[in-house]
Amino acid sequence: MTQRKTSAARWLARAAVFPCLGSWILARLWIALGGVLPGKLLGGAALALSGLFLGLAVRFRLAERLLRPWDAGWKNALAGAIAFWAGAAFDLSYAMLDPAGLLIDALPFRFLCHLGNGLLFAALVLALLRAGRDLAGLGRVNVRQMLLLFLALNAVTAVYVLSSRTVYVWDNAGYWAVARTLADQPFGPAQLRGILESTISLDYNYLLALPVSWVMRLLGGSRAVFLFSVANLYILPGLWGLAALAPEKPWGGLLLAGLFPMLTYVGLVGYVDVASAALGIWAVAVYRSERPAVSRGLVSGALLVGTFLLRRYFFFFAASFGVAALVCKLLFQRKRWADFGALFASSAFCALFCTYRFLLDKVLGTNYSDLYSAYDLGLRSDLLLFCRYFGWVLLAVLALLAAAGLTRKETRPAVAFSLVQLAVCFLAFVSIQSHGQQHLLLYLPALALLASSSLLSRPGPLPALLAAAAFGFCFVPKAQPASICEIASPDPLPSFQFYGPRRSDIDQLLALADAVDGLSAEEPHTAAVLASSFTFNSETLTSLRASLSLPEPETGTVVQYHGTVDKRDAFNWNTAQADYLIVGDPVQTHLGEENQQVMALLAHDVLEGIGPGTAYEALPETFSLENGVTVRLYRRTRAWTAEDYCSISDRLTALYPDYAGLYAVPAWIVP
């Protein structure tokens, strides 16, 4: 009798799961194929897939396997219940589509879809908890080593903070600004949902700003608080992962941290991307460990998706990781596929669950090589950047040891994995654009594995000498290039420094900011910045006072954003309505005028007083900045004419006929 009741309960549970799973699948099919295929066909496909997945779950006793991650049943029940509630309450399925007026928008479909999302998220959490039990102790490293890493990291952060006096802009300031904004907002379900929804379409989503914002709620939003938060929340886990990569080597974590100081430096510059690098390091440490195969695959797959959920370009790392794992299977372990199978299944499920819209829109639906063609500076710049952040001495030593490691059976799999991952990632990335300093984090996990398996395993003082030289050289004061184009030759050692940047024109920038805000002393006005260089751009003004920990004025001129990169940015026609223009002389670009005509055309017109530039008159006061840059203010004296609008639109369209839509004069403008 009891057995019959148990069997009946199982069938009832399956009957309840079936429509929930089907509705969840239907929503995702509709996101990809709605309007392309009939709704009835999509509904039938969703039910068929739901039945297939449910059948596979029954066949492989998935429920029984997931429901026993711990011996204590209450822990299992609590974890599953919390995960189910979170997955159902924060389901983003309907935020990814516009179902208005369609049958799928009906309340039953929404409700069942949310329940399906909760069930799948609970299954994912329980699976990872079960796998995590098999991996327990993997990150156990010497406590004294971690204490030294913690103290050294915070000491270096203090040196950088105390020696800085500059303005933080673009990628160096983006997440700092977002974290300050989140810290000023009330925390609750609405804010959390907004942060999750930012992952759907934004390349710079708000996930990594959230933990920092919690610290800022307690300690304030200064740059120092931001950098110490990044150091301890994101860099330190990466350093811990480096220690986990070399568990058999005494002080191996310290040696790897010394060999690769760029992990710390990139974080101190302001790139929260180091969090993705930390996940990548742990993905390598987990997958290359000797723990149970399925558990290794499940956790490392989830970590890989986490890397590009946080920072989109880490998709290159995740994809090349998969290729390297497959190649090593074919070369060394053809009879054991459990870890790779689990890696593939975990990555596919987590990607479908967390990054579905990104995969559709960005990976499959965007021609990045054309869109980011302005960022292609040639292979020479890539090689110079690698030498600047890793040093050609270390790269040469690792290359020689890798060649030797391929001849040794015990090191061959790790070396092959590293080399394949590095090569695939590099070739894929340079087919799109040149590297920036943060993009080199893509290669850090594989280089660290290569160093651990080939360099640290060798006897003698060489690893310690290289680590001391690389880390110590970062404390030698040296001139720092403002851009990649200023790097003249390959550097033998990492050539950045742990001293913060200092600008000599801060007083002039403050005077400029006061003058711009003074334009609105009697009535509100707007201004647009026509400049986009490392010396001066729109964020130089908007981030100035925050960078110097100065209070913002109660009233001021609103600085509008104007597009700066061709093909990526449309011409912002609101600039034509701005009361003032702030123009750099000579015209300021960071990718060359040929790639930034969307901004440079109007800047030249204004400076030369031709075309649309005749609508402005120069104000008498000017401001002299670094590198011979003069900033001039212009007041609009008349409205733009039809000829002015067409002058901009026609010239940009002639340059980029395939992007005419970005530069067409919109219908809402009536000259």
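Report on the accompanying structure. (Residues numbered from 1 in each chain as written. Predicted model: local features only at pLDDT ≥ 70, side-chain atom pairs only at ≥ 80, totals over all residues. Heavy atoms only, no water.)

1. Thoughts on the overall build of the protein
Stage number 1. Each helix and strand counted, the protein has 29 helices and five strands in total.
Stage number 2. Compactness check: the protein gives a C-alpha radius of gyration of 28 Å against a globular reference of 26 Å for 671 residues, within 12% of the reference.
Stage number 3. Judged by the C-alpha coordinates and their principal axes, the protein covers about 90 × 70 × 45 Å.
Stage number 4. Going through the 671 residues of the protein one by one, you find that 50% of them count as buried.
Stage number 5. Counting contacts in the protein only where the partners sit at least 6 residues apart, residues at least 24 apart contribute 78% of the total.
Stage number 6. A total accessible area of about 30100 Å² is found for the protein, and carbon and sulfur atoms account for 64% of it.
Stage number 7. For the protein, the separation between the mean place of its 50 positive charges and that of its 45 negative charges on side chains is 21 Å. (Helix = DSSP H or I, 4+ residues; strand = E, 2+ residues; numbered from the N terminus. Rg over C-alpha atoms; globule rule 2.2 N^0.38 Å. Buried < 20%, exposed > 50% of the residue type's maximum accessible area, 1.4 Å probe, protein only. Contact = heavy atoms within 4.5 Å. Areas by Shrake-Rupley, 256 points an atom, 1.4 Å probe, with all protein chains shown as cover. Lys, Arg positive; Asp, Glu negative; His and termini not counted. Charge placed at Lys NZ, Arg CZ, Asp CG, Glu CD.)

2. Some points on the packing of helix H13 (residues 274-287) against helix H14 (residues 293-310)
Stage number 1. Where H13 contacts H14, the axes come no closer than 8 Å and their chain directions differ by 165 degrees. Looking at the two axes, H13 sits roughly antiparallel to H14. Considering only the axes of H13 and H14, their crossing is left-handed. Two secondary-structure elements touch here, H13 through Ala-275, Ser-276, Leu-279, Gly-280, Trp-282, Ala-283, Val-286 and Tyr-287 and H14 through Arg-296, Val-299, Ser-300, Leu-303, Leu-304, Gly-306, Thr-307 and Leu-310. (Axes fitted to C-alpha atoms, helices over the stretch in contact; angles between N-to-C directions. Parallel < 35°, antiparallel > 145°, perpendicular 65-115°, else oblique. Left-handed = near helix turned anticlockwise from the far one by under 90°.)

3. Details of the pairing of strand S4 (residues 616-624)
Stage number 1. Here six bridges tie S4 to strand S5 (residues 630-636), and the two strands are oriented antiparallel to one another. Each bridged residue has a counterpart across the sheet, and for Glu-617 the counterpart in S5 is Arg-635.
Stage number 2. Two successive antiparallel strands, S4 and S5, enclose a turn made up of five residues, where Asn-627 displays a positive phi of approximately 60 degrees. (Pairing = 2+ DSSP bridges.)

4. Points about the sheet that holds strand S1 (residues 526-530)
Stage number 1. Strand order in the open sheet made by the five strands is S2-S1-S3-S5-S4, with mixed pairing throughout. Taken across any chain shown, the strands that pair with only one partner, and hence form the sheet edges, are strand S2 (558-560) and S4. On average, each strand axis in the sheet is tilted by 30 degrees relative to the strand beside it, whichever way the strands run.
Stage number 2. One ladder, built from six bridges, connects strand S3 (residues 580-585) with S5; its direction is antiparallel.

5. Focus: the pairing of S3
Stage number 1. Judged by how many residues are buried, S3 sits mostly within the fold: five of six residues are covered.
Stage number 2. As defined by bridge partners, S1 adjoins S3 across four bridges and the pair is classed as parallel. Looking at S3, one finds that Ala-528 is bridged to Leu-581.

6. Regarding empty space enclosed by the protein
Stage number 1. Using the criterion set out here, one finds one cavity of 30 Å³ or more in the structure.
Stage number 2. Lining the largest cavity, in full, are Leu-259, Phe-390, Leu-394, Leu-466, Ala-470, Leu-493 and Pro-494.
Stage number 3. Tallied by class, residues from the lining of the largest cavity come to seven nonpolar, no polar and no charged. (1 Å grid on protein atoms, 1.4 Å probe; cavity = no way out; pocket = protein on both sides within 12 Å on 5 of 7 lines; lining within 4 Å. Points joined across faces, edges and corners; volume = space filled by probe spheres on them. Nonpolar A, V, L, I, M, F, W, Y, C, P; charged D, E, K, R; others polar.)

7. Side note on the pattern of salt bridges
Stage number 1. For the coordinates displayed, the defined rule picks out 17 salt bridges.
Stage number 2. Two residues, Arg-503 and Glu-626, come together in a salt bridge whose shortest N-O distance is 3.8 Å. Here Glu-626 lies in the loop between S4 and S5 and Arg-503 lies in the loop between helix H23 (462-473) and helix H24 (506-518), a separation of 123 residues in the sequence.
Stage number 3. Assessed through its relative accessible area of 11%, Arg-503 is described here as buried. (Salt bridge = Lys/Arg side-chain N within 4 Å of Asp/Glu carboxyl O.)

8. Observations concerning the packing of helix H27 (residues 597-608) against helix H28 (residues 642-655)
Stage number 1. Two numbers describe how H27 lies on H28: the axes approach to 10 Å, and their chain directions differ by 140 degrees. Our classification of the angle between H27 and H28 gives oblique. The handedness of the crossing between H27 and H28 is right-handed. Across from Gln-597, Val-598, Leu-601, Leu-602 and Asp-605 in H27, the residues of H28 making contact are Ile-648, Arg-651, Leu-652 and Leu-655.
Stage number 2. Among the residues forming the contact of H27 with H28, the class breakdown is six nonpolar, one polar and two charged.

9. A word on a nonpolar patch on the surface
Stage number 1. Nonpolar side chains collect at one region of the surface, where Leu-33, Val-36, Leu-37 and Leu-41 lie side by side and expose about 330 Å² of accessible area between them.
Stage number 2. You can see Leu-37 is positioned in the loop between helix H1 (2-33) and helix H2 (39-59).
Stage number 3. Classification of Leu-37 by relative accessible area gives partly exposed; the value is 34%. (Patch = residues over 30% accessible without salt bridge, like charges linked within 9 Å, V, L, I, M, F, W, Y side chains within 5 Å.)

10. Structural notes on the packing of aromatic side chains
Stage number 1. Tallied over the entire structure, the rule returns 37 aromatic pairs.
Stage number 2. For the pair Tyr-265 and Phe-496, a centre-to-centre distance of 4.4 Å together with 15 degrees between the ring planes defines the contact as stacked. Of this pair, Tyr-265 sits in helix H12 (residues 262-269) while Phe-496 sits in the loop between H23 and H24, placing them 231 residues apart in sequence.
Stage number 3. With relative accessibility at 0%, the residue Phe-496 sits in the buried group.
Stage number 4. Relative to Phe-390, the ring of Phe-386 has its centre 6.0 Å away and its plane inclined at 40 degrees; by these criteria the two rings are tilted. (Phe/Tyr/Trp six-rings, centres within 6.5 Å; stacked < 30°, edge-to-face > 60°.)

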